[in-house]
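# Structural characterization, general
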Amino acid sequence: MGKNVESEVEKIMSENNNAGTAKKRKKGLGKLKIFFIILGLIIVIFIVKGLLGGKKAAAVPVESSVLEKGHIEDALNVTGPVEGTDSVTITSGIHGKITEINVKEGDEVVAGETILAKIDTQELQSRLETARGNYELAIANKDEKIKNDQSSYNKAAQALNAAQNEYNRKAELVAAGASPQSELDSAANALNSARADMAQYRTKDGKLDPGESYDIQISNAKLEVERLEKQLEDATLIAPISGTVTRVFAKVGRFADQAVDNNPTLITIEKLDKLQLRLSVSEYSIGKVKLGQKVDISADMLGSENTVQGTVEKIS
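Criteria and thresholds
- Residues numbered from 1 in each chain as written.
- Predicted model: local features only at pLDDT ≥ 70, side-chain atom pairs only at ≥ 80, totals over all residues.
- Heavy atoms only, no water.
- Helix = DSSP H or I, 4+ residues; strand = E, 2+ residues; numbered from the N terminus.
- Buried < 20%, exposed > 50% of the residue type's maximum accessible area, 1.4 Å probe, protein only.
- Contact = heavy atoms within 4.5 Å.
- Areas by Shrake-Rupley, 256 points an atom, 1.4 Å probe, with all protein chains shown as cover.
- Pairing = 2+ DSSP bridges.
- Axes fitted to C-alpha atoms, helices over the stretch in contact; angles between N-to-C directions.
- Expected span 1.5 Å × (residues − 1).
- Parallel < 35°, antiparallel > 145°, perpendicular 65-115°, else oblique.
- Left-handed = near helix turned anticlockwise from the far one by under 90°.
- Nonpolar A, V, L, I, M, F, W, Y, C, P; charged D, E, K, R; others polar.
- Polar contact = N/O pair within 3.5 Å; in protein donor to acceptor, adjacent residues only side chain to side chain.
- Core = buried A, V, L, I, M, F, W, Y, C linked by side-chain atoms within 4.5 Å.

Now for the overall build of the protein. From N to C terminus, the protein includes 5 helices and 11 strands. Within the protein, buried positions represent 21% of all 316 residues. Residue pairs at least 24 apart in sequence account for 71% of intrachain contacts in the protein once pairs closer than 6 positions are excluded. Only carbon and sulfur atoms are counted for the fraction: they give 52% of the accessible area of the protein, which is about 23900 Å².

Encoded structure:
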C-alpha cells in the first residue's frame, strides 16, 4: 500500500513538472486533495473495525425467583355521600314569606319542641277571618231559611186545616140535601190546593229541612276555615323528629312555598346515630358486590388513617 502511495505521489509530481500551464497545475492539486480524503476515510474504517473486533458485548443482568402460589386482592373503590337512615324534609304549602330561621346545619333538634322557622301570617289571618265570616253567614242563611219556612209552613198548615174542615162541613150539607154538589166540589178543590202547598215543605227528624244546598254551603265554608287554621298552625315550623339538621335551604324573605331549582325543601333533619351510604357501582363491577359483604369506610370526619367497617344491606 505504501509503494502505491509513493508511485502515485511521484506520478502527480511528474505531471506537475511537465505541465506547462497554470490550468494543469490546478487540476493536479485537486486530484491530490481527493486522494488524501479517501486515504483518511480508509484509515478511520480500519481503526473502528479494530476497536469493535477487540471487545465482546456486555452481559445483561437477569433476576430470577421460584414460582409460588400467592393471594391477589381485587379492591373496589367507590365514593358517595353519608346520610342518616331516618330523615325528614321540611316543606310548606303556605304562600307567605319566611320571617325567622332558628337553626343551622349541625344543630340538634327535639321532636315537637324545637322551632325551626316561622312564616309571616298577616295575610293568612286576614283570609281566615274572611273564611270564618263566610261560615257564620252560611249558618245564618240556613237558620233564616228555616225560620221563614216555619212561618209559611204554619200558615199553610192552618189553611189546610181550614180547607179540610170546610170540605167536611160541605160534605155533610150535601149529604143532608141542604147544599148543592157544586159547593162540595169547590171545597174539594180548595182542600187539594192546601195539600199541594203543604207538600212543598220537607221535614227531617220532625223538623223542617231547608234543602241540601244549605248544608253543602256550610260544610264547604267549615272546611275552608279548618284548612286555614291548619296553615296558621303550620306557619310555625316545629321539628317532627329528633335528630341533626343536615341541610338548610330556607332563607329569610323567601316565600315558603317557592321551590328553588325545583327543590321545595326548606330544612332536612336526619338521625345520625346510624348512618348509611348510597353508592353507584358500574355494571362491570356490580358482580363483585354481595349482600352481607363487609366494607371498609373512610371519611373526612374519621381522619386520614381511621376507618370504620360497614355491611352491604341492599342492592337495588
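So much for the structure itself; the text now carries on.
Strand order in the open sheet formed by 3 strands is E2-E4-E7, with antiparallel pairing between adjacent strands. Edge positions in the open sheet fall to strand E2 (98-101) and strand E7 (236-238), since each of these has one partner strand only. On average, each strand axis in the sheet is inclined to that of its neighbour by 15 degrees, with strand direction left out of account. Bridge count for strand E4 (residues 115-119) against E7 is 3 bridges, and the pairing is antiparallel. Along E7, the bridge assignment pairs Ile115 with Ile238.

Quick look at helix H5 (residues 212-234) now. In this model H5 runs 33 Å from its N-terminal to its C-terminal C-alpha over 23 residues, within 8% of the 33 Å that 1.5 Å per residue would give. Taken together, the buried positions of H5 are Ile218, Ala221, Val225, Leu228 and Gln231.

Below, the discussion takes up the packing of helix H3 (residues 122-176) against helix H4 (residues 181-199). Axis separation between H3 and H4 bottoms out at 8 Å; the angle between their running directions is 160 degrees. As the angle between them shows, H3 and H4 are arranged roughly antiparallel. Pair H3 / H4 crosses with left-handed handedness. Residue-level contacts link Tyr153, Ala156, Ala157, Ala159, Leu160, Ala163, Gln164, Glu166, Tyr167, Lys170, Ala171 and Val174 of H3 to Gln181, Glu183, Leu184, Ala187, Ala188, Ala190, Leu191, Ala194, Arg195, Asp197 and Met198 of H4. The class makeup of the residues in the contact of H3 with H4 is 16 nonpolar, 2 polar and 5 charged.

The subject of this paragraph is the side chain of Thr114. Checked against the element boundaries, Thr114 lands in the loop between strand E3 (108-109) and E4. A polar contact is formed between the side chain of Thr114 and the backbone nitrogen of Val110, at a distance of 2.9 Å. For Thr114, the residues in contact, after removing those within four places along its chain, are Val103, Val109, Leu237, Ile238 and Ala239.

Now for the nonpolar core. Across soluble globular proteins, nonpolar side chains have a tendency to be buried as a group. The biggest cluster of nonpolar side chains holds 18 residues, and the ones touching the most others in it are Val109, Leu116, Ile267 and Ile269. Where this core is concerned, the elements lending two or more residues are E4 and strand E9 (267-277). Top element by residues in this core is E4. It accounts for 3 residues. For Ile269, the residues in contact, after removing those within four places along its chain, are Asp86, Ser87, Val88, Val109, Leu116, Ala239, Pro240, Ile241, Gly243, Thr244 and Val245. Ranked by size, the runner-up nonpolar core spans 5 residues in total, among them Leu128, Ala131, Val225 and Leu228.

With that settled, consider the sheet that holds E9. In spatial order, the strands read E1-E9-E8-E3; together these 4 strands make up an open sheet with antiparallel pairing. The strands lining the two open edges of the sheet, one partner per strand, are strand E1 (82-90) and E3. Here E1 runs beside E9; their pairing, made up of 8 bridges, is antiparallel. Opposite Glu83, over in E9, you have Gln276 as the bridge partner.

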